[in-house]
Amino acid sequence: MPNELLTKLRDTQSLTEAEYATLIQGYTPELAEKAATYAVAVRKEIYENEVYLRGLIEISNICKNDCLYCGIRKSNQNCERYRLTEEEILSCCEEGYNLGFRTFVLQGGEDGYFTDRVMIPLLYTIKERYPDCAITLSLGERSYKSYESLFDAGADRYLLRHETADRDHYQSLHPSSLSYDIRM
Ligand code: SF4
């Protein structure tokens, strides 16, 4: 059964929740090997052997959250904190562009400084200067309206990590977050 589900996942790119559960529960090293083989075939079909470089700009290591596994969690007293200015971020983009990067990833902790009021003009400026570049943001959880405004200002993609689907565990990691909501 897990074998058929793996083939279905390869062919349709999707399974039902119950099917994912069956697939995971039926894990064997052989099944993992097969999944890796399928993944390599799909990757080759789409990207062949090309390598895509992203210009990663770590704009801040300040974060209001306290994820235990993370080096920049707020309770880590040994972390030397910094936050780039808008000018420094633009200067990184300029250098990256001259080096040949065509995607910029602006990444940071959940730093309250980088509100939409700060990010929107910054995104407009980057897009105006480098219209042939894609912008990815990775700045933690924001409201739906915020994501929409950032997209409208020029952000092409947003990276968000799925840390846990367990509400209690999640809230122990993000005690100040109000935005968590499981939708099935
Ligand atoms: S929200 Fe992200 S940056 Fe902040 S502590 Fe958690 S993992 Fe680290």
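Note: the structure precedes this text.
This text gives an overview of the structure that appears in the document. Everything numeric here is computed off the predicted structure, so don't read it as measured data.

What counts and what doesn't
Along each chain, residues carry numbers from 1 onward, in the same order as the chain's sequence is written. In keeping with the model being predicted, local features are shown solely for residues with a pLDDT of at least 70 and side-chain atom pairs are shown and tallied solely at 80 or more, while totals for entire chains, interfaces and linings include all residues. Any residue whose C-beta atom, as placed from the backbone, lies within 6 Å of a molecule or strand is termed near it. Under the scheme applied here, ten amino acids are nonpolar (Ala, Val, Leu, Ile, Met, Phe, Trp, Tyr, Cys and Pro), four are charged (Asp, Glu, Lys and Arg), and all others, including Gly, are polar. What counts as a helix is a DSSP run of H or I of at least four residues, what counts as a strand is a run of E of at least two, and both are numbered from the N terminus. Exposed residues have 12 or fewer other C-beta atoms within 10 Å of their own C-beta, buried residues have 20 or more, and residues in between are partly exposed; the C-beta atoms are placed from the backbone. A pair of residues counts as a contact when their C-beta atoms, built from backbone coordinates, are separated by no more than 7 Å. Only strands joined by at least two bridges in the DSSP assignment are considered to pair. The crossover handedness rule: strands pointing away from the viewer, path from first strand over the helix to second strand clockwise, crossover right-handed.

This part is about the site of the ligand. Taken together, Cys63, Asn65, Cys67, Cys70, Ile72, Arg73, Gly109, Glu110 and Gly140 are the residues near the ligand. Class assignment of the residues belonging to the shell around the ligand gives a composition of four nonpolar, three polar and two charged.

This part covers the environment of Glu163. Secondary-structure assignment places Glu163 in the loop between strand S4 (157–158) and helix H7 (167–173). The class for Glu163 is partly exposed, based on 13 C-beta atoms found within 10 Å. The spatial distance from the C-alpha of Glu163 to the C-alpha of Cys67 is 9.6 Å, given a sequence separation of 96 residues. In this view, Glu163 contacts Tyr170 and Leu173; residues no more than four positions away in its chain are not counted.

Below, the discussion takes up the pairing of strand S3 (residues 134–138). Here S3 shows a buried face lined by Ile135 and Leu137 and an unburied face lined by Ala134, Thr136 and Ser138. Note that strand S2 (residues 103–108) and S3 share five bridges and pair parallel. Bridge assignment links Phe104 to a residue of S3, and that residue is Ile135. As for the winding sense of the linkage, the β-α-β connection from S2 through helix H5 (residues 116–129) to S3 is right-handed. Two elements, S3 and S4, share two bridges in a ladder whose sense is parallel. Within S4, the position partnered with Thr136 by the bridge is Arg157.

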